[in-house]
Amino acid sequence: MSLLNTMPEFMVTTKVDEMLNWTRKSSLWYMLFGLACCAIEMMQTGGPRSDLDRFGAVPRATPRQSDLMIVAGTLTLKMALRTKVLYEQMPDPKYVISMGSCSNCGGLFQLAYSVCDGVDKVIPVDVYVPGCPPRPEALTEGLLKLQEKMMQEKWLVRSTGESRPALA
Amino acid sequence: MSQSLVTALASQALEGIVEVAESRGELVVRVLPVALVEVCTTLRDDPAFAFDFLMDVTAVDYPGREPRFEVVYHLYSLKLNHRVRLKVGASEASPHVPSVTPVWRGANWLERETYDMYGIQFDGHPDLRRIYLYEEFEGHPLRKDYPKEKRQPLVTRADVEPAQQRRQRERDSERYGRWQ
C-alpha cells in the first residue's frame, strides 16, 4: 500500500495478463463472412445505429487480418471445407462466433440435402448467438460475451493442456 | 397460343415431333430424343419461329411412368414474342438426351444444373459436371426417390485433393476455356 501511495495520480496498476487481454479485446477485427440472410443483420450491427466499432470491432475482408470469424448464415456442405480453410488462414489467437440458428445447428434447413448441421462440425466455436436471424443487439451481446471470455485468458502462466478458459 | 406458330409448325412437318398440344395458353411440343437437335436448329433458324432464346432447361421426375424423366425446354423468341415448350422423355435405365449446346450456348449451365439435380446425361455436352453441388455428393437430390433425410458426408481435404489435382490438370490443358 505504501508503494501505491508514492505513485503519481496519472498512473494505474494492473496485471500484465489483464492489460494484454484488454488491448486484444478492444481491437477485435472480424472477418466478413456473410453466408445468408444473417449477413444483413451483421451489416446492421456494423452500421451506424448499432455500431460494433465502438467496441473496437471493425470488419476485415481477409482472414489474414482477422481475429474473429462471425459465421453469419446457412453453412452448406460445399462451403464447409472452405470455411475450415479460411479459419486456418486466420492468425492465432482466433475466435469464432456462430451467428443464427443455421450456423448453430442447421436451423430451418437442417434436413436439407445440401446443408451442414452446424458450423461446430467444422471449426471450434466460442460463442453461439441464437435467433433467426439474431437482432443486432443479440450479436452485440455475443461480442461482449466473447470479450468477457477473452478477459479471462492467461498469457504469462500457460496452463498445460487447457487451451481457453470456459466462460463463467 | 399463337395460331401462326401452330400453322408454321404444321407446315414444316418436322421429323420426330410426337405430339403438339396446348397447355394453359402455351404450346407444348413433345419431341423424340433422336430428333431433338434437328428440331431445335429448325426452331432457331427458321424465320417463322426464330426462337433465339433458350430460357430454361429442367426436368420432371414421374416415378412409375415410362419414360420416367421428362426434360423440358422453354424457348422464347425475342423477335416474334412467342414461346414454346419442348418435352423429351428419358428412361430410368439410361437417362440420355442429346445436348443442345451446339444450338444455344446458354444451354451449357442449364444442362449442367439438370444433370446435377436429376442425373440426366446430356450427350455431346462439352463439360458435364455438377454445377451447384460438389463432386463428392452422392445421388441427385431432386429425384423423387432421393431419401428425404439422407445425410451427405462432410468432405475433408483429403477427399478433394484428387479432384483439385484433376481440375488443375484441366486448367493446364490446352482445351481449357475453349468452346467445342
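Quick note: structure is the one above.
In short, a report on the structure. (Residues numbered from 1 in each chain as written. Chains lettered and ligands numbered in written order. Predicted model: local features only at pLDDT ≥ 70, side-chain atom pairs only at ≥ 80, totals over all residues. Heavy atoms only, no water.)

## Re the overall build of chain B
For step 1, the next point in the chain: When helices and strands are tallied, chain B shows four helices and seven strands.
For step 2, the next point in the chain: Reading chain B from its N end, one meets helices and strands in the order α-β-β-α-β-β-β-β-α-β-α.
For step 3, the next point in the chain: Principal-axis analysis of the C-alpha atoms gives chain B an extent of 60 × 40 × 25 Å.
For step 4, the next point in the chain: Across chain B, contacts joining residues at least 24 apart in sequence account for 50% of those joining residues at least 6 apart.
For step 5, the next point in the chain: For chain B, the accessible surface area stands at approximately 10,200 Å², while carbon and sulfur atoms represent 50% of it.
For step 6, the next point in the chain: Charge-centre separation for chain B: the mean point of 25 positive side chains lies 4 Å from the mean point of 28 negative side chains. (Helix = DSSP H or I, 4+ residues; strand = E, 2+ residues; numbered from the N terminus. Contact = heavy atoms within 4.5 Å. Areas by Shrake-Rupley, 256 points an atom, 1.4 Å probe, with all protein chains shown as cover. Lys, Arg positive; Asp, Glu negative; His and termini not counted. Charge placed at Lys NZ, Arg CZ, Asp CG, Glu CD.)

## Section: the nonpolar core
For step 1, the next point in the chain: Within the largest apolar cluster, 57 residues are counted, with the highest numbers of intra-cluster contacts made by Met69(A), Leu54(B), Tyr73(B), Leu75(B), Leu86(B), Val97(B) and Ile120(B).
For step 2, the next point in the chain: With sequence-adjacent residues up to four places away left out, Leu86(B) is seen in contact with Val29(B), Val31(B), Leu36(B), Cys40(B), Leu43(B), Val71(B), Val72(B), Tyr73(B) and Leu75(B).
For step 3, the next point in the chain: Counting residues in each nonpolar core, the second largest holds 18 residues, with Tyr30(A), Ala57(A), Ala72(A) and Met99(A) among its members. (Core = buried A, V, L, I, M, F, W, Y, C linked by side-chain atoms within 4.5 Å. Buried < 20%, exposed > 50% of the residue type's maximum accessible area, 1.4 Å probe, protein only.)

## Points about the sheet that holds strand β4 (residues 95-99) of chain A
Residue and element names in this part refer to chain A.
For step 1, the next point in the chain: Across the sheet, which stays open at both edges, the five strands sit in the order β2-β1-β3-β4-β5 with parallel pairing between neighbours. Of all strands in the sheet, those bounded by a partner on one side alone are β2 (59-60) and β5 (127-129).
For step 2, the next point in the chain: Across the sheet, helix α3 (residues 38-46) touches β1 (30-31), β3 (68-72) and β4, and the angle it forms with β3 is around 135°. (Pairing = 2+ DSSP bridges. Axes fitted to C-alpha atoms, helices over the stretch in contact; angles between N-to-C directions.)

## A look at the pattern of salt bridges
For step 1, the next point in the chain: Per the stated rule, a full pass over the model turns up 17 salt bridges over all chains.
For step 2, the next point in the chain: A salt bridge links Glu137(A) to Arg135(A); the shortest N-O distance between them is 3.4 Å.
For step 3, the next point in the chain: With a relative accessible area of 56%, Arg135(A) lands in the exposed category.
For step 4, the next point in the chain: Through salt bridges with shared partners, one network takes in Glu19(B), Arg30(B), Glu70(B) and Lys87(B). (Salt bridge = Lys/Arg side-chain N within 4 Å of Asp/Glu carboxyl O.)

## Digging into the side chain of Asn104(A)
All names here are of chain A.
For step 1, the next point in the chain: Residue position: Asn104 is located in helix α5 (residues 100-105).
For step 2, the next point in the chain: For Asn104, a relative accessible area of 16% gives the class buried.
For step 3, the next point in the chain: Side-chain polar atoms of Asn104 contact the side chain of Ser98, separated by 2.6 Å.
For step 4, the next point in the chain: There is a polar contact of 3.3 Å between the side chain of Asn104 and the backbone oxygen of Val129.
For step 5, the next point in the chain: Contact partners of Asn104, with chain neighbours within four places excluded, come to Ser98, Gly118, Asp120, Tyr128, Val129 and Pro130. (Polar contact = N/O pair within 3.5 Å; in protein donor to acceptor, adjacent residues only side chain to side chain.)

## Observations regarding a nonpolar patch on the surface
For step 1, the next point in the chain: Judged by side-chain polarity, Val16(A), Leu20(A) and Leu156(A) come together as a nonpolar surface patch covering roughly 260 Å² of accessible area.
For step 2, the next point in the chain: Looking at the element boundaries, Leu156(A) is found in the segment after α6 (136-151). (Patch = residues over 30% accessible without salt bridge, like charges linked within 9 Å, V, L, I, M, F, W, Y side chains within 5 Å.)

## Observations concerning the pairing of strand β2 (residues 26-31) of chain B
Residue and element names in this part refer to chain B.
For step 1, the next point in the chain: Relative to β2, strand β1 (residues 17-23) runs antiparallel, the two sharing six bridges. When the bridges of β2 are listed, Val20 appears paired with Val29.
For step 2, the next point in the chain: Between the antiparallel neighbours β1 and β2 lie two residues, among them Arg24 with a positive phi of about 50°.
For step 3, the next point in the chain: Both β2 and strand β5 (residues 82-90) contribute to a ladder of five bridges, which runs parallel. In the sheet register, Arg30 faces β5, and the bridge partner there is Lys87.

## Regarding the interface of chain B and chain A
For step 1, the next point in the chain: Counting from both sides, the interface comprises 17 residues of chain B and, opposite them, 16 residues of chain A.
For step 2, the next point in the chain: Roughly 1,300 Å² of surface becomes buried between chain B and chain A when both sides are summed, with 60% attributable to carbon and sulfur atoms.
For step 3, the next point in the chain: At the surface where chain B touches chain A, the tally comes to zero salt bridges.
For step 4, the next point in the chain: At the boundary of chain B with chain A, the tally comes to three residue pairs in polar contact (both at pLDDT 80 or more).
For step 5, the next point in the chain: Class assignment of the residues belonging to the side of chain B that touches chain A gives a composition of 11 nonpolar, two polar and four charged. (Buried area = accessible area lost by both parts, 1.4 Å probe. Nonpolar A, V, L, I, M, F, W, Y, C, P; charged D, E, K, R; others polar.)

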